[in-house]
Amino acid sequence: MNVLAPHEWRHKTIVAGTEWKNPVGTASGTFQLDACGDYYDVSQMGAICTKGVSPVPWEGNPSPRTAEGPSSMVNAVGLQNPGVDHYLVDELPRLKKLGAMVITNVAGHSDEDYAQVVEKLADSEADMLEINVSCPNVSHGGMSVGTDPVVLSRLIKHLRTLTDKPMIVKLSPNVTDIVQIAHAAVDAGADALSLINTLVGMRIDINTGKPIIANRTGGVSGPAIFPIALSFVWRVRQAIPDIPIIGIGGIDSGEKALEYLYAGANAVEVGAAALVDPTAPMRVARELDELLDSRPELAAKLAKGQTW
Ligand SMILES: Cc1cc2nc3c(=O)[nH]c(=O)nc-3n(C[C@H](O)[C@H](O)[C@H](O)COP(=O)(O)O)c2cc1C
């Protein structure tokens, strides 16, 4: 498929009041403008979700930070990024100049970290904020926030007072009861949920007997997590009928994106598949556009901000 060929989108979606040209976005940490921007027209994606942005530059974890398997990868990049001030004068204006719908992923080690970033983004050109409370690769904040409903509720309630932008809370699968966490986020003021982030995992080098990645454990993503992620989306949709949901995990084709929409997602994000083939998000978007042609009932619901 030539992903650079002109295309008239036929099936849009609405997520928390924002209109996407199509229901497919890039997943945080797997798109970077300088690395991926030449492969397709970023303005033609449903949304571009950026790498997590923190109050000050973070170096991330030591190398090696990734380990590949046949249908999965484990990463412990650790939210490396140049910080919110750099993001605001560099990547964000460049993405907006290209015409992209931008979701800015927000990272923190503490409530204050998240608040500082959200305050700085409140008057920015970002279309939506995605609060990452689910990263398994940072020692404080990250996943620990996303696994405790009380801590999560306190954080989201505070962030809600700092911004009018649509706020997506990105949930962790590393919990006993995803529905309880989802309710905590929604009750505290989330406008939408995205799920899932990576599952905790590891690989061991059998020649040395030692973990491959320096952080020892990391986050598992890729096709192997697809059925797991799909069930998380479905369970949250059954429990909370009206909250917009972005499904993430193992998507590498239009068919898999379509399964998420039938599970109750309003939209999806493509992650690790883009590390294998940088054009994957656009290819998935075009495959899905075609699949939706023969599913008018689903397409009509998405266009109205409803779900299956
Ligand atoms: C290398 C890498 C970096 C990531 N960085 C982030 C991040 O900064 N913030 C975040 O919320 N999720 C991050 N993620 C998680 C992805 O956005 C996504 O939730 C996860 O990989 C599952 O989707 P996939 O199976 O399509 O990759 C990262 C994933 C990978 C593989």
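(A) A look at the sheet that holds strand E11 (residues 199-201). Taken in spatial order, the four strands make up an open sheet running E5-E6-E14-E11, and their pairing is antiparallel. Taken across any chain shown, the strands that pair with only one partner, and hence form the sheet edges, are strand E5 (66-68) and E11. Going across the sheet, the axis of each strand differs from the next one's by a mean of 35°, ignoring polarity. With three bridges connecting them, strand E6 (residues 73-75) and strand E14 (residues 218-221) associate as antiparallel partners.

(B) Focus on the pattern of salt bridges. Applying the stated rule across the entire model yields 11 salt bridges. Across the pair Asp 111 and Arg 154 runs a salt bridge whose closest N-O atoms are separated by 3.0 Å. Highlighted residues: Asp 111 in helix H4 (residues 111-121) and Arg 154 in helix H6 (residues 149-160), separated in sequence by 43 residues. When the shortest N-O distance is used, the salt bridge between Asp 252 and Lys 256 registers 3.0 Å. Overlapping salt bridges bring together Arg 10, Asp 289 and Asp 293 as one network.

(C) Highlighting the sheet that holds strand E9 (residues 167-170). Strand order in the closed barrel formed by eight strands is E3-E4-E7-E8-E9-E10-E15-E16, with parallel pairing between adjacent strands. Strand after strand, the sheet turns through a mean of 25° between neighbouring axes, direction not considered. Relative to E9, strand E8 (residues 128-132) runs parallel, the two sharing four bridges. Across the sheet, Glu 130 pairs through a bridge with Ile 168, a residue of E9.

(D) Geometry of the site of the ligand. Lining the immediate surroundings of the ligand are 22 residues, of which Ser 28, Lys 170, Gly 222, Gly 250 and Ala 272 lie closest. The contact in question runs from an oxygen atom of the ligand to an N or O atom on the backbone of Ser 28, over 2.8 Å. The fraction of the free accessible surface of the ligand (610 Å²) that becomes covered by protein chains is 96%. Tallied by class, residues from the shell around the ligand come to six nonpolar, 14 polar and two charged.

(E) Expanded view of the pairing of E9. Of the two faces of E9, the one holding Met 167 and Val 169 and the one holding Ile 168 and Lys 170 are both buried throughout. Here E9 runs beside strand E10 (residues 192-195); their pairing, made up of three bridges, is parallel. The partner of Val 169 across the bridge, within E10, is Leu 193. As a crossover connection, the stretch from E9 through helix H7 (residues 178-188) into E10 is right-handed.

(F) Examining helix H11 (residues 280-293) more closely. Its 14 residues place the ends of H11 20 Å apart at the C-alpha level, agreeing with the 20 Å of an ideal helix rising 1.5 Å per residue. Burial within H11 is extensive, with 10 of its 14 residues counted as buried. Those residues of H11 lying buried are Ala 280, Pro 281, Met 282, Val 284, Ala 285, Arg 286, Leu 288, Asp 289, Leu 291 and Leu 292. The inward-facing, buried residues of H11 contact strand E3 (24-26), helix H9 (254-263), strand E16 (267-270), helix H10 (273-276) and helix H12 (296-303).

What counts as what
Residues numbered from 1 in each chain as written. Predicted model: local features only at pLDDT ≥ 70, side-chain atom pairs only at ≥ 80, totals over all residues. Heavy atoms only, no water. Pairing = 2+ DSSP bridges. Helix = DSSP H or I, 4+ residues; strand = E, 2+ residues; numbered from the N terminus. Axes fitted to C-alpha atoms, helices over the stretch in contact; angles between N-to-C directions. Salt bridge = Lys/Arg side-chain N within 4 Å of Asp/Glu carboxyl O. Near = heavy atom within 4 Å. Polar contact = N/O pair within 3.5 Å; in protein donor to acceptor, adjacent residues only side chain to side chain. Areas by Shrake-Rupley, 256 points an atom, 1.4 Å probe, with all protein chains shown as cover. Nonpolar A, V, L, I, M, F, W, Y, C, P; charged D, E, K, R; others polar. Buried < 20%, exposed > 50% of the residue type's maximum accessible area, 1.4 Å probe, protein only. Right-handed = clockwise from strand over helix to strand, strands pointing away. Expected span 1.5 Å × (residues − 1). Contact = heavy atoms within 4.5 Å.

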